[in-house]
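Next come the chains, spelled out residue by residue.
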Amino acid sequence: MFVPLANGPPSSHDSPRLRPQMTRQEIEDAVASGSPPPVFTPSLRRSFRKDRQIISHEDSSDQQFNSRDAAQHQSKEAKSKEHGIFFRPRTSILDYTELMYQGSDRIRGLVTCFWTIVGAYLVSLLLSHYENNGEFLSRGLASLIFSQITDLILSDLGLVLSTAFVVPFVRVLWIGRWQPRFLDPRKLQAMGIQAVAELGWLVFWYMWQGSRGWPWTQRCFFALHTAVNWMKVHSYLSTNRHLAGDLKTQTELKAQQNPSKNVVAQIRTLDSRLCPYSARFPETQTLGNYAMFQLCPALVYEIEYPRTSHIRWGYVAEKMAGTAGIFVVFYIVVAHLMIPHLERMHEVGLMLTTVHLMGPMATCWLLFFFITFDSIANGFAELTRFADRRFYDDWWNARGLDEFSRKWNRPVHMFLARHIYMPVRELWKGSRGFESSQLLRRLRKTMPPSVAAMAATFFFSSILHEVTIVVACRRWNHGVFFFSQMMQIPVIILSERVKWLHDQQALRNWGFWVAMVFFQPFLLCMYTYNAFLPKTPSFNPVQTTSVSISAVNSTAAF
């Protein structure tokens, strides 16, 4: 089993740090085939190796559950089948610590080789810049990044703290003793009130950002962090609204006299949702529980998460150092390899500049991936003892943009799957509202629920991309991000329907990489072309360049 999420601090009585008995590939194959995730029994022993705690079974025959553990495991398995997503103890594929001491021997040398080559290239680049300019680093971009930094930190702190309104919102309106009688969390009224609260919160912070007069880099960071916190707010309110509805339904069923077997079974099912392991709804609705969710690198709220037994402070220091180091590399690539080409874009042309930027832009994209999902996400996971470190899959093997969107950013993918894809699919399957329109009836017959849900998910994701880039840049470029996202739908359908194209796995992977390497710098040039025209001498092109690079990478993270 795993250590459930508790409201209090870590206890010395927690069970040892958990590690699966199966390899990563065996776990993924078992889950894909419908088998339950691996079982963790209390019969464990510890062995240490360089600040890594490796757990193995003392007795492989001791695989027995007690009655409560068995019920909890069955409850989790049933819930995972119902919702399609769940959390369990896992490590990141490219986590360097895991690769060095407990991971795959096949790729850890490749990761070491990659960072060694990056370091050697940076030394050469810095020396060349010193020979030509008399300094190792360009300082123009640094003065922009750290300007008004105090105002940004205080505003971001206020943004995070303001999300705590969800706790009294849930307790008062849905589960508290002061809950209005006319407000049923199972009806559309509750959903409407939730939508109004979320929209008001989002508009307030976007207006706050617009009134601060920040440089472009600060706007990009704040716009992205606002979107992330909105997803946390929405997941917390939506999940607790459904749980409050289950609680009310269970109370009504228990009030029946001489309930039938079906009613008893339904009560048990609802009870497994309200108490999947040790914590029970609504006792978990506290500020401490929400603070833990806010710090966890997850965008889908659950009553409990898998936890590790302790915090490895050496691992946290390693991730902090990695974050600082990757940021320096990112700065060097942008300041020394990208801005000079963008400044000459009006002379050499957009297409030639795009070709020059393909390498540096791809490098920035990979650096953004490492700093976000490997360093920051794993660092916060260690601080909160969050055991599910599967923040990404092998997206580099993607055979199309649909597979890339599932594997590149799993926290956002899980949010879209839980709150957009699955509700739309169920609505498309069983809603009777479609019968009132002949067009909708025909559309429902010709379009499968999975295609309708996919289209709705891409539409929502496209709107989120476009809003983020417009708010960050204060510039609308005719919906380029929106249309580029929506154009993925026919490409996905074509690759699935045409058998010859579907079977060309290597060709599809090549096509994916060519598209990603070429179109990201092309979008960057489109958003920054007017900024570098020599007609506004008072305009600072470095600002637009910084935010556009950050915005392209950040929206790619969605």
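Everything in this summary refers to the structure shown in the same document. Keep in mind that what you see is a predicted model, and the values were worked out from it rather than measured. (Residues numbered from 1 in each chain as written. Predicted model: local features only at pLDDT ≥ 70, side-chain atom pairs only at ≥ 80, totals over all residues. Heavy atoms only, no water.)

Before going further, it helps to spend a moment on the overall build of the chain. Across its full length, the chain carries 23 helices and 2 strands. Looking at the chain as a whole, 47% of its 558 residues are labelled buried. In the chain, the share of contacts with a sequence separation of at least 24, taken over all contacts with a separation of at least 6, comes to 74%. Total accessible area on the chain is roughly 27700 Å²; 63% of this is exposed by carbon and sulfur atoms. (Helix = DSSP H or I, 4+ residues; strand = E, 2+ residues; numbered from the N terminus. Buried < 20%, exposed > 50% of the residue type's maximum accessible area, 1.4 Å probe, protein only. Contact = heavy atoms within 4.5 Å. Areas by Shrake-Rupley, 256 points an atom, 1.4 Å probe, with all protein chains shown as cover.)

A general feature of soluble globular proteins is that nonpolar side chains tend to end up buried together. Counting residues in hydrophobic clusters, the biggest one holds 94 residues, and the most contacted among them are W174, Y236, L237, F369, F386, Y392 and F404. Ranked by residues supplied to this core, first place goes to helix 12 (residues 313–343) with 12 residues. Setting aside residues up to four positions removed in sequence, F386 forms contacts with F87, C296, P297, A298, Y305, P306, R307, A381 and F391. Residues W216, I469, C473 and Y527 belong to the second largest nonpolar core, which totals 7 residues. (Core = buried A, V, L, I, M, F, W, Y, C linked by side-chain atoms within 4.5 Å.)

Next up on the list: the packing of aromatic side chains. Taken as a whole and judged by the stated rule, the model has 43 aromatic pairs. Considering the side-chain rings of F114 and W115, the 5.0 Å spacing of their centres and the 75° angle between planes classify their relative orientation as edge-to-face. Overall, W115 belongs to the partly exposed group, its relative accessible area being 27%. Judged by centre distance (6.2 Å) and plane angle (80°), the rings of W395 and F404 are edge-to-face. We classify W395 as buried; its relative accessible area is 2%. Lying across the ring of Y315, R312 places its NZ or CZ 4.2 Å from the centre. (Phe/Tyr/Trp six-rings, centres within 6.5 Å; stacked < 30°, edge-to-face > 60°. Lys NZ or Arg CZ within 6 Å of the ring centre and 35° of its normal.)

On to the pattern of salt bridges. For the structure shown, the criterion picks out 18 salt bridges. Overlapping salt bridges, with partners in common, bring together D394, R399, E403 and K407 in one network. (Salt bridge = Lys/Arg side-chain N within 4 Å of Asp/Glu carboxyl O.)

Right, let's talk about the packing of helix 9 (residues 216–254) against helix 10 (residues 261–274) for a bit. Where helix 9 meets helix 10, the axes come as close as 10 Å, and the angle between the chain directions of the two elements is 150°. Between helix 9 and helix 10 the crossing geometry is left-handed. Counting all contacts with helix 9, which are made through L243, D246, L247, T249, Q250, L253 and K254, the residues of helix 10 involved are V263, Q266, I267, L270, D271, R273 and L274. For the contact of helix 9 with helix 10, the class distribution of residues is 7 nonpolar, 3 polar and 4 charged. (Axes fitted to C-alpha atoms, helices over the stretch in contact; angles between N-to-C directions. Left-handed = near helix turned anticlockwise from the far one by under 90°. Nonpolar A, V, L, I, M, F, W, Y, C, P; charged D, E, K, R; others polar.)

With the rule as written, the count across this model stands at 3 cavities of 30 Å³ or more. What the second largest cavity holds in volume is close to 90 Å³. Considering the residues around the second largest cavity, the lining is formed by F87, P297, A298, L299, V300, F386, D388, R390, F391, R410, P411 and M414. Considered class by class, the residues forming the lining of the second largest cavity number 9 nonpolar, no polar and 3 charged. (1 Å grid on protein atoms, 1.4 Å probe; cavity = no way out; pocket = protein on both sides within 12 Å on 5 of 7 lines; lining within 4 Å. Points joined across faces, edges and corners; volume = space filled by probe spheres on them.)

Viewed as axis vectors pointing N to C, helix 7 (residues 166–175) and helix 8 (residues 188–210) meet at an angle of 160°, and their least axial separation amounts to 12 Å. Looking at the two axes, helix 7 sits roughly antiparallel to helix 8. For the pair helix 7 and helix 8, the sense of crossing is right-handed. Counted together, F169, L173 and W174 of helix 7 and A190, I193, Q194 and A197 of helix 8 form the full contact between these two elements. Across the contact of helix 7 with helix 8, the residue classes tally to 6 nonpolar, 1 polar and no charged. (Parallel < 35°, antiparallel > 145°, perpendicular 65-115°, else oblique.)

What follows covers a nonpolar patch on the surface. On the surface, V123, L127, Y130, F136 and L137 cluster together into a nonpolar patch covering about 460 Å² of accessible area. Turning to its location among the elements, Y130 is positioned in helix 4 (residues 108–133). The class of Y130 is partly exposed, set by a relative accessible area of 42%. (Patch = residues over 30% accessible without salt bridge, like charges linked within 9 Å, V, L, I, M, F, W, Y side chains within 5 Å.)

In this section: the environment of V228. Relative to the helices and strands, V228 resides in helix 9. On the basis of relative accessible area, V228 is assigned to the partly exposed category, the value being 24%. When the C-alpha atoms of V228 and V412 are compared, they prove to be 8.8 Å apart, with 184 residues separating the residues in sequence.

This next bit is on helix 14 (residues 350–383). Bending of helix 14 peaks at approximately 45° at the position of L357, with proline P360 no more than four residues after it. Just downstream of helix 14 lies R385, where phi reads positive at about 60°. (Bend = angle between axes of the 7 residues up to and from the residue.)

Let us now look at the side chain of E198. On the secondary structure map, E198 appears in helix 8. Summary of buried charges: E198 has no salt-bridge partner, and the nearest side chain of opposite charge, R241, is 7.2 Å away. Within the structure, the side chain of E198 is placed 2.8 Å from the side chain of Q194, a separation counted as a polar contact. Not counting residues within four places of it along the chain, the set of residues in contact with E198 comprises W230, V233, H234 and L237. (Lys, Arg positive; Asp, Glu negative; His and termini not counted. Polar contact = N/O pair within 3.5 Å; in protein donor to acceptor, adjacent residues only side chain to side chain.)

Without other data, these values stay purely geometric and don't point to any function.
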